Amino acid sequence: MIRTLTTRSTLLAALSASLVLGACTDETDHTSAKFSSADAAHLERALDVAAASDLGQLYVVGAFIAGANEPGCPSFVTTGNVTTVTGGCTNDDGTRLEGRIIATNVQGIFTTNPSYDPSKPSTVEAEAWTATDPGAPAESIDGKVTLTNVGGVADNGEVFDGAADAALGGIAAHSEIAFTCDATHLCTHSEDSWVDIDGVGAATLAGTWRLGEPRTGTITATGAETLVLDIGASTDECRMYRIDGGATQMVCDAPDQSARLAPSAGNRWLRSIGR
């Protein structure tokens, strides 16, 4: 499944589909990634990170929590157009939650935020948000995503800009990704987008693509080797990719219709807050 999450309508389409642990380095040349030698887990993580999954999933959380006021673990508090999720507790499933997630001026997916102002940026920030299941490694995210409507008008295209450190499945990654989408949800990376995946290396990102219908385009991650994620040929369940101009390969998620129907399918942070 492609977990890239871009514009608001793309976020909706991908929902049912989708603290630094050393991944971030000080290198200025972000071209060390070697994809062909990565094991299956690291390659899948690289595909997700290159598709802006960590940042996109964080923004989706903001769209789910906007306007919520709920006690419990975690707690949700909304003041004006700012909603804060706070951990520091253990939920009913035994998951220990730490940190905060703060959504500012975000329009809700299932509810309308009356304080939302399309002329101003929408931001979702994770402050050392960590979910630790019993007997499992901690999964965490720390960073910020900003979505700005082109011309300050909703549905006129968006500028997506974010940076985060996240650890999922025991594999840490750093993302610094920016792209602009037009009113048809066709998106193009800025020149300074890059990622760094622990055990794989760093790569710059480029490409023009659309996740919504009709799917089109590619995302290219250029490191010591080049990984091309073929968005146009991929589906909600399977990703098509090539490494260094080689044959097209495919990786698919295991079929699980019940999981695909859940809003939190593929999104660790939504699951951690009970959404």
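Up top you'll find the structure we're talking about.
Our subject in this report is the structure included herewith.

Quick notes on the rules
Residues numbered from 1 in each chain as written. Predicted model: local features only at pLDDT ≥ 70, side-chain atom pairs only at ≥ 80, totals over all residues. Heavy atoms only, no water. Helix = DSSP H or I, 4+ residues; strand = E, 2+ residues; numbered from the N terminus. Buried < 20%, exposed > 50% of the residue type's maximum accessible area, 1.4 Å probe, protein only. Areas by Shrake-Rupley, 256 points an atom, 1.4 Å probe, with all protein chains shown as cover. Disulfide = S-S within 2.5 Å. Expected span 1.5 Å × (residues − 1). Phe/Tyr/Trp six-rings, centres within 6.5 Å; stacked < 30°, edge-to-face > 60°. Contact = heavy atoms within 4.5 Å. Polar contact = N/O pair within 3.5 Å; in protein donor to acceptor, adjacent residues only side chain to side chain. Salt bridge = Lys/Arg side-chain N within 4 Å of Asp/Glu carboxyl O.

When helices and strands are tallied, the protein shows five helices and 15 strands. Burial analysis of the protein (275 residues in total) assigns 48% to the buried set. Carbon and sulfur atoms make up 53% of the accessible area of the protein, which amounts to about 11,300 Å² in all.

Turning our eyes to something else, we now look at the environment of G199. You can see G199 is positioned in the loop between β10 (194–197) and β11 (201–210). Accessibility expressed as a relative area gives 64% for G199, which makes it exposed. With 165 residues separating them in the primary sequence, G199 and K34 have C-alpha atoms 8.9 Å apart.

This paragraph deals with the state of the cysteines. The final tally for this structure, using the stated rule, is three disulfides. Here C73 connects covalently by a disulfide to C89, the sulfurs 2.0 Å from one another. Between C73 and C89 the sulfur-sulfur dihedral comes to about 90°; the bridge is accordingly right-handed. Of this pair, C73 sits in the loop between α3 (53–65) and β1 (75–79) while C89 sits in strand β3 (residues 89–90), and the two are 16 residues apart along the sequence. The class for C89 is buried, based on a relative accessible area of 16%.

A separate point is α3. The end-to-end C-alpha separation of α3 is 18 Å, in line with the 18 Å expected for 13 residues at 1.5 Å each. Counting buried positions along α3 gives 13 out of 13 residues, so the element sits mostly inside the fold. G67, located one to two residues past α3, shows a positive phi value of around 85°.

Evaluated as defined, the whole model comprises two aromatic pairs. Note on F160 and F179: the rings are 4.6 Å apart at their centroids and 0° apart in plane angle, and the pair reads as stacked. Remark: F179 occurs in strand β8 (residues 171–181) and F160 occurs in strand β7 (residues 158–168); sequence separation between them is 19 residues. Neither residue differs from the other here; F160 and F179 are each classed as buried. Pairwise contacts between aromatic rings join F160, F179 and W209 into one cluster.

What follows concerns the environment of R45. Along the chain, R45 turns up in helix α2 (residues 40–50). Given a relative accessible area of 7%, R45 falls into the buried group. Considered as a pair, R45 and A167 are 122 residues apart in the sequence and their alpha carbons are 10.0 Å apart. Setting aside residues no more than four positions away along its own chain, R45 makes contact with D54, A166, A167, L168, I171, A172, A173 and I197. A distance of 3.1 Å separates a polar atom in the side chain of R45 from the backbone oxygen of A166.

One pass over the full model with this rule turns up 10 salt bridges. The salt bridge partner of E44 is R239, with a shortest N-O separation of 3.1 Å. With a gap of 195 residues between them, E44 in helix α2 and R239 in strand β14 (residues 238–243) connect regions that are remote in the sequence. Judged by its relative accessible area of 26%, E44 is partly exposed. Judged by relative accessible area, R239 falls into the buried class, the value being 1%. For R45, the salt bridge goes to D54, with nearest N and O atoms at 3.0 Å. One salt-bridge network, in which partners are shared between bridges, spans E44, D48 and R239.

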